[in-house]
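# Report on the structure
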2 protein chains.
Amino acid sequence: MSPHPSPSTPRPPLRVALAGIGVVGGGVVRLLEANRDLIARRAGRAIEIVAVSARDRHKDRGVDLGAYRWEDDMGALVAADDIDVVVEMVGGADGPALTLARQALSAGKALVTANKAMIAHHGLDLARIAEEKDTPLKYEAAVAGGIPVIKAIREGASANEIARVYGILNGTCNYILTLMEREGASFAAALASAQAEGYAEADPSFDVDGVDAAHKLAILAALCFGTRLDIGAVTASGIRDLIAADIREAEALGHRVRLIGMAERSGEALYQHVQPCLVPADHPLAYVPGALNAVVAEGNFVGRLFFEGAGAGAGPTASAIVADIIDIARDEYGPAFAMPVDSLDAAPAADAGARIGKYYVRLVVEDRVGVLAEIATAMRDASVSIESFIQRGNDEGDDVVIALVTHECPARAIGAALDALSASDHLVGKPMLMPILAL
Amino acid sequence: MSPHPSPSTPRPPLRVALAGIGVVGGGVVRLLEANRDLIARRAGRAIEIVAVSARDRHKDRGVDLGAYRWEDDMGALVAADDIDVVVEMVGGADGPALTLARQALSAGKALVTANKAMIAHHGLDLARIAEEKDTPLKYEAAVAGGIPVIKAIREGASANEIARVYGILNGTCNYILTLMEREGASFAAALASAQAEGYAEADPSFDVDGVDAAHKLAILAALCFGTRLDIGAVTASGIRDLIAADIREAEALGHRVRLIGMAERSGEALYQHVQPCLVPADHPLAYVPGALNAVVAEGNFVGRLFFEGAGAGAGPTASAIVADIIDIARDEYGPAFAMPVDSLDAAPAADAGARIGKYYVRLVVEDRVGVLAEIATAMRDASVSIESFIQRGNDEGDDVVIALVTHECPARAIGAALDALSASDHLVGKPMLMPILAL
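Residues numbered from 1 in each chain as written. Chains lettered and ligands numbered in written order. Predicted model: local features only at pLDDT ≥ 70, side-chain atom pairs only at ≥ 80, totals over all residues. Heavy atoms only, no water.

The name that an unreviewed UniProt entry assigns to chain A is Homoserine dehydrogenase, with the source organism given as Sphingopyxis jiangsuensis. Taken verbatim from the UniProt record of chain A, the Sequence similarities (unreviewed entry) comment is "Belongs to the homoserine dehydrogenase family." (UniProt positions renumbered as here; feature names shortened; annotations may be inferred.)

And the structure:
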């Protein structure tokens, strides 16, 4: 019943080309060299790099590429008939990466990519070409780095209807939040430390505004729910507006602040949002430190699955890329999104305002008579009931930080209360609103 | 390059027979019925139960089996030519389960099993038959219940040389330890609660003596290290000898007590041991509560991967079994132990006495002059250096609990110190020795 060749038949090596040799590409070369024999045993055949291509041949990458054929033009990798798999590590949602990916698949070559932006924006188109050509498209490294979460959901949890998938999908943000937590630092100070230590880019917006996490979330959602990948439906707010007091008050309320990407079914519709949340201390996401990533999937039979590991870096990313290559070498692969593209459902975006939950609200207000009444009135008028309320003592005349947690209510109600308050002369800056993660 | 049929070709249903319909079998029936359409979309074909077999046809199982052909004799499942996959849920390392498994594979049928004892004792023999017949043998449910850890290691971490694999492999023990932690309960009281709540069997020895965890560990080790599965090489000590003070003092020392199965490379040799350990509070295993399972694998490129979920129960076990069936339906499978049986290495058992680490030692002694000196002398004579030492005040005349943590030393040295102390008249009962999990 199996299409697999007998294990006694020796199989020819799988011939791989690497496009884009930066930090990750260097990691893939090192991994394939260091674990060469072990990988051949596990894959049932040798995996050989036959060609590499990158912009600058003479750049020092810390790995010796002398043994491999060099191509200045990536297109040559597609044209070569001694290449089975193209590994795309060029980056960018469009441009040369996308051209290469399309051409490689169209030529019937297998494509392995770590490019979350490209998969989030063009994953369905690429999957369609892969299906037409009956060739693999694999992207384990695009979500949560070294954690094999694409495989765990696509295959490990495949028997389940999944209700929610969520997690810490950006290591830079988690590193910054952990620093704020440990050192009581401001966002700006923690970001500067993260930049100094190489955990954040000079322009950090892709990470701290939630864009990167949104790409990963859109991919996870399509896989979990069998829906058409729709990056346009993901809304994202990042961690820039957090202040040290948010971390401190969350802790006082028995929670930790994490940037959570969450996709959830709501009837036929889908809620997909990236935002800072309060995570209860008895949830494993509260214990994910530093630059790690973690993903939770909730299935109707398996219950809650939790996966944690390194979300970025040369070694972990290379681990995921080479796992994909080994799957291809073993002929253990199937449709990129677990089912043919045409059978994915189009899910409308859920009404985020209708989403019921508890919320954390933090306001900075002038220390004046009547401010408290103003807040309480706005909440009451919007039918928002308050579960806990913290106002710390401060030196007279200083601004006051007020943190409160609501009872369950629709997001829309809180929005109305904050809109009403925004008219107040006593409010200093924008209020901070975070959902509390429901267990 | 792919042997896969084109996605546009409709494929016939995959025909499944279930052998042994207890709690887990009932879960599989319910799952395949409840998620039928979703599974067909993901598997690319329908998955149909065509026959069931169990000892007693008339037992109430809470599921309606009327739609399926009933076979009193399991052998009929093997003989039938309308069955592609046999799911073995009979249980027991030998006997009818093993006979069925051998016959099914020999007949060229796919075998899916949740039977950890059978795989631990006969996995290699079964894998060899599966190879000869080029048919799948899958056992995701045999280790850590619903967590797809076999897949995560076999495929997700396949690019890595793995240095250690370890985890909480028995939910009953973890449930008992969590109760002892929360309530300060004795082992006996916690076991009684676990039995009353259905988390422990009337005869709990299989769980609390570490036998069940040893089975799972042996399977993980073979997969991680590419070594011949060798249940005889796994040593196990359980949690019966723990007292409430152990949990309390571990906490005072910044640790939690967990029953840990660990397999570790030591040159060519392999260390495989199940025993209670002190887990540092900054390790994710310290936060695994109740009956959950968790597995850690450390790879040379990916770093530390951590997986947590339900380790038992009808739903999670069924989830793992059906995931295996879906892999078979998709033709996404390969050698049971990731490589052909003949290419697995025979690894000698590592010298456990030579294992370097920090250790926790707890002694109960009579409250007499000179006892402390006796302990200190025994440790000194064995060249064991002490890092921390706790002796709690007590009412005069009562026995005294002493808990200490050593600096790094070989296990053999601690053994020598405890041997010397065993001659003492002042020692009450057996000392408790637990390694401290190294990060």
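### Some thoughts on the sheet that holds strand β4 (residues 85-88) of chain A
All names here are of chain A. The parallel open sheet is built from six strands, whose spatial order is β3-β2-β1-β4-β5-β6. Of all strands in the sheet, those with a lone pairing partner are β3 (69-71) and β6 (137-138), marking the two edges. Strand direction decides the pairing type here: strand β1 (residues 14-19) and β4, joined by four bridges, are parallel. By the bridge assignment for β4, Leu 18 is matched with Val 87. Seen against the sheet, helix α4 (residues 95-106) touches β1, β4, β5 (110-113) and β6 and runs at an angle of roughly 165 degrees to β4. (Pairing = 2+ DSSP bridges. Helix = DSSP H or I, 4+ residues; strand = E, 2+ residues; numbered from the N terminus. Contact = heavy atoms within 4.5 Å. Axes fitted to C-alpha atoms, helices over the stretch in contact; angles between N-to-C directions.)

### Regarding a negative patch on the surface
Residues and elements named next belong to chain A. Residues Asp 367, Asp 395, Glu 396, Asp 398 and Asp 399 make up a contiguous surface patch of negative charge. Take Asp 399: it is sitting in the loop between β15 (386-391) and β16 (400-406). The exposure class of Asp 399 is partly exposed, given its relative accessible area of 39%. (Patch = residues over 30% accessible without salt bridge, like charges linked within 9 Å, V, L, I, M, F, W, Y side chains within 5 Å. Areas by Shrake-Rupley, 256 points an atom, 1.4 Å probe, with all protein chains shown as cover. Salt bridge = Lys/Arg side-chain N within 4 Å of Asp/Glu carboxyl O. Lys, Arg positive; Asp, Glu negative; His and termini not counted. Charge placed at Lys NZ, Arg CZ, Asp CG, Glu CD. Buried < 20%, exposed > 50% of the residue type's maximum accessible area, 1.4 Å probe, protein only.)

### Observations regarding the packing of helix α6 (residues 149-156) of chain B against helix α10 (residues 211-225) of chain B
Residues and elements named next belong to chain B. Relative to each other, α6 and α10 sit at 15 degrees, their axes nearing to 9 Å. The orientation of α6 relative to α10 falls into the category roughly parallel. Handedness of the α6/α10 crossing: right-handed. Contacts from Val 149, Ile 150, Ile 153 and Arg 154 of α6 reach α10 at Ile 219, Leu 220, Leu 223 and Cys 224. Partitioning the contact of α6 with α10 into residue classes produces seven nonpolar, no polar and one charged. (Parallel < 35°, antiparallel > 145°, perpendicular 65-115°, else oblique. Left-handed = near helix turned anticlockwise from the far one by under 90°. Nonpolar A, V, L, I, M, F, W, Y, C, P; charged D, E, K, R; others polar.)

### Considerations on the UniProt feature "domain: ACT" (unreviewed entry) in chain A
In this numbering, the UniProt entry assigns the feature "domain: ACT" (unreviewed entry) to residues 360-436 of chain A. Span residues 360-436 of chain A is 30% helix and 32% strand, its end C-alpha atoms 7 Å apart.

### So, the sheet that holds strand β14 (residues 359-365) of chain A
Residues and elements named next belong to chain A. As summarised here, the arrangement of the four strands in space is β15-β16-β14-β18, forming an open sheet in which the pairing is antiparallel. Of all the strands in the sheet, just β15 and β18 (432-435) have a single pairing partner and so form its edges. Neighbour-to-neighbour, the strand axes of this sheet turn through a mean angle of 15 degrees, independent of strand direction. Where β14 and β16 come together, six bridges link them in antiparallel fashion.

### Description of the interface of chain B and chain A
Note on interface size: it is often stated as the accessible area lost on association of the parts. With 67 residues of chain B at the contact, the number on the chain A side is 66 residues. For the pair chain B and chain A, the summed buried area comes to about 5700 Å², and 54% of that belongs to carbon and sulfur atoms. Taken together, the connections running from chain B to chain A amount to six salt bridges. Note that Asp 345 of chain B is salt-bridged to Arg 41 of chain A, the shortest N-O span being 3.5 Å. Taken together, chain B and chain A are joined by 27 residue pairs in polar contact (both at pLDDT 80 or more). A per-element tally of the side of chain B that touches chain A places helix α12 (residues 314-329) of chain B first, with eight residues. Here the residues of the side of chain B that touches chain A sort into 34 nonpolar, 16 polar and 17 charged. Pairing of strand β12 (residues 303-310) of chain A with strand β12 (residues 303-310) of chain B involves three bridges; the strand directions are antiparallel. The partner of Phe 306 of chain A across the bridge, within β12 of chain B, is Glu 308 of chain B. (Buried area = accessible area lost by both parts, 1.4 Å probe. Polar contact = N/O pair within 3.5 Å; in protein donor to acceptor, adjacent residues only side chain to side chain.)

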